[in-house]
Structure formats: structure tokens, C-alpha cells
Amino acid sequence: MSCCFTSIWLEGNIASGKTTCLEYFSKTSDIEVLTEPVSKWRNVQGCNPLGLMYQDPSRWGLTLQTYVQLTMLDRHVLPMSAPIRMMERSIYSAKYIFVENLYKSGKMPEVDFAVLSEWFEWIIKNIAIPVDLIVYLQTSPQTCYERLKQRCREEEKVIPLEYLESIHNLYEDWLIHHKSFEVPAPVLVIPADHDLKKMLHQYEENREKILMAHC
Ligand SMILES: Nc1ncnc2c1ncn2[C@@H]1O[C@H](COP(=O)(O)OP(=O)(O)O)[C@@H](O)[C@H]1O
Ligand SMILES: Nc1ccn([C@H]2C[C@H](O)[C@@H](COP(=O)(O)O)O2)c(=O)n1
């Protein structure tokens, strides 16, 4: 990243509290927050690829993940409007966690995985995607399951605990155990099973580390 700008990715399981965390930091001047474009994934020209993927992952996984890849790339290349950018997830976790999960669980055909992989490799080779720090909200799958039910997003009602366990294991292998894929920046782990009050306290405790990521 250039000397004037800092780029931070906020990573974590589904319903781990990423949006809530970003909402908190969005009140800080000098920070620009980019949430995941979930509304686009639920409505592209009147179609709902997120809902279709949960109904029939083998048929619609490629469709959703192609669109996720495009919309995340669009986020990554947006010119920065503040010295610090905090962005929800990344094109890397889209590939290393969600595409990987579909493929490994047998729900994405090999040819779909190959096409997405070639696209991903081309993108990271040819387009600069800067990152200075990855903040990982580390939760238990059970916590996410409870928060997911509480949030009650229509498309996600079919998600079983086992799905969140798979996503959790892929995140842990990537960001904690360094067992799967390249990690493109240092990782700050924030335990995130706590209630909101304690989480806000932890965000304060980590504020300096996050804001000074580039130094
Ligand atoms: N620390 C917390 N304790 C309890 N509930 C939380 C906490 N953080 C977030 N939530 C709630 O859990 C749900 C998922 O949080 P959200 O921030 O949308 O997660 P994500 O963006 O990671 O999917 C929301 O209903 C939110 O209000
Ligand atoms: N590459 C991706 C990214 C996200 N999703 C799904 C998972 C959730 O249902 C939804 C948004 O995630 P959240 O911000 O709530 O953690 O999108 C996916 O399938 N593939």
C-alpha cells in the first residue's frame, strides 16, 4: 500500500459480527468503511443469486461466486476517500473460503471450480489489491448460528450448523494455522464470542493496532 493509505480487511464467519464492527468504526473520522455488497447478491436485475445458491448450490454456486468475485473486485479497486479503509471480507476469502467450501463439499463441479480458479489467479496477478492488515473476528460456529437465527435473513434460513463449522474450519486453516493458502498481510485476531458491550471494549483496546496498521 502507498505511504498515505491503509487498507484493512475484516474477515470472519457468517454472522460473526463484521457489519456491527464496521458500524462502530465508521464513526471514526479518517476511516472509510466498505460493507460487503450483499444487497447486490440478493438482487441482480431482479434475480437473487444468493437465494438460488442456498436452494441449489451445485446449480447456482458458480453464478453467485462469479458475481461475488466481480462485486468484490469492484470494491477493491474503488479509489480511497479516506486515509484508512476497512472493508468487509475480500476477493481472497471469497475464493479461499466460500468457493473452496462449495468445491470441497462436492457441491461445485470440477469445471466450475477450474473456471473460477483461473479467473481468480488472473485477477490477483494482474490487478493490485493492496492490504496492510487482516482483522479476523474469531467466533465459535455455535455463536454464529445463534446470531444468524436472530438476524433472520430469508435466504439463510436453510443454513445448518455444519455449514458454519465448515466455513469456520477453512478460516482457521487459512488465517490461524497457515495450512491452506497464502495469507497476504499480518493477521490481528479478535475473539468475538462476547456480548456487544465487551466487543465494543475490545474494539477500543485494539483501535491503535488497527489504525496504525501501516506504520
Ligand atoms: N457481540 C454480539 N453479541 C450478540 N449479537 C451480536 C453481536 N454482534 C452482532 N450481533 C448480532 O448478530 C447478527 C449478525 O451480526 P452482523 O454484524 O450482521 O454479522 P456479519 O456482518 O458478520 O454477518 C446481527 O443480528 C447483530 O445485531
Ligand atoms: N463469497 C461469499 C461471500 C458470502 N457469501 C454469503 C454468506 C452469507 O449468507 C452472505 C453474507 O455474508 P455475511 O456478511 O453475513 O457474513 O453471503 C457467500 O456465499 N459467498
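For the structure itself, look to the data block above.
Procedures and definitions
Residues numbered from 1 in each chain as written. Chains lettered and ligands numbered in written order. Predicted model: local features only at pLDDT ≥ 70, side-chain atom pairs only at ≥ 80, totals over all residues. Heavy atoms only, no water. Helix = DSSP H or I, 4+ residues; strand = E, 2+ residues; numbered from the N terminus. Contact = heavy atoms within 4.5 Å. Near = heavy atom within 4 Å. Polar contact = N/O pair within 3.5 Å; in protein donor to acceptor, adjacent residues only side chain to side chain. Areas by Shrake-Rupley, 256 points an atom, 1.4 Å probe, with all protein chains shown as cover. Nonpolar A, V, L, I, M, F, W, Y, C, P; charged D, E, K, R; others polar. Buried < 20%, exposed > 50% of the residue type's maximum accessible area, 1.4 Å probe, protein only. Arc of directions from axis to C-beta. Axes fitted to C-alpha atoms, helices over the stretch in contact; angles between N-to-C directions. Parallel < 35°, antiparallel > 145°, perpendicular 65-115°, else oblique. Left-handed = near helix turned anticlockwise from the far one by under 90°. Pairing = 2+ DSSP bridges.

Sorry, what's going on with the environment of Leu64 here?
If you trace the backbone, Leu64 turns up in helix H4 (residues 57-77). Residues Leu64 and Leu50, spaced 14 residues apart in sequence, show a C-alpha to C-alpha distance of 6.1 Å. Among all residues touching Leu64, those that are not within four sequence positions of it are Trp41, Pro49, Leu50 and Met53.

Explain the site of ligand 1 to me, please; I cannot follow it from the model alone.
What surrounds ligand 1 is a group of 15 residues, the closest being Lys18, Thr19, Thr20, Arg151 and His194. Within the backbone of Ala15, one N or O atom sits 2.9 Å away from an oxygen atom of ligand 1. Lys18 is positioned such that a nitrogen or oxygen atom in its side chain is 2.7 Å from an oxygen atom of ligand 1. If ligand 1 stood free it would expose 560 Å²; the protein chains cover 80% of that surface.

Would you mind going over the site of ligand 2 with me for this structure?
Taken together, 20 residues surround ligand 2, and among them Lys18, Glu36, Tyr54, Arg89 and Glu156 come closest. One of the side-chain N or O atoms of Tyr54 is found 2.6 Å from an oxygen atom in ligand 2. Coverage of ligand 2 by the protein amounts to 99% of the 460 Å² it exposes when considered alone. If you list the elements that add at least two residues to the shell around ligand 2, you get helix H2 (38-42), helix H3 (49-55), H4 and helix H5 (91-104). Taken together, the residues of the shell around ligand 2 sort by class into eleven nonpolar, two polar and seven charged.

Mind showing me how you'd approach helix H7 (residues 141-151) here?
The α-helix winds at 3.6 residues per turn, so residues separated by three or four positions along the chain end up facing the same way. Within the span of H7, buried status applies to Pro141, Thr143, Cys144 and Leu148. The buried residues of H7 occupy an angular sector of 150 degrees when the element is viewed end-on, so they sit on one face. Looking at the buried residues of H7, the elements they touch are helix H8 (161-176). Following H7 by one or two positions, Cys152 adopts a phi angle in the positive range, close to 60 degrees.

When you look at the packing of helix H1 (residues 18-25) against helix H9 (residues 196-211) in this model, what are you seeing that I'm missing?
For any two helices packed against each other, one specifies the inter-axial angle together with the distance between the axes. Interhelical geometry of H1 versus H9 gives an angle of 60 degrees and a closest axis separation of 11 Å. One way to sum up the angle between H1 and H9 is to call them oblique. In this structure, H1 crosses over H9, and the sense of that crossing is right-handed. For the pair formed by H1 and H9, the contact residues are Thr20, Cys21, Tyr24 and Phe25 on the first element and Leu196, Leu200, Tyr203, Glu204, Arg207 and Ile210 on the second. Here the contact of H1 with H9 is built from residues that sort into seven nonpolar, one polar and two charged.

Help me understand the pairing of strand S1 (residues 6-12) in this model?
Residues in a regular strand point their side chains to alternate faces of the sheet. In terms of burial, S1 is largely enclosed, as seven of its seven residues are buried. Examined bridge by bridge, S1 and strand S3 (residues 84-88) share five bridges and lie parallel to one another. For Ser7, the partnering residue across the bridge sits in S3 and is Arg85. Pairing between S1 and strand S4 (residues 133-138): five bridges, direction parallel. Counterpart to Ile8 in the pairing with S4 is Leu133.

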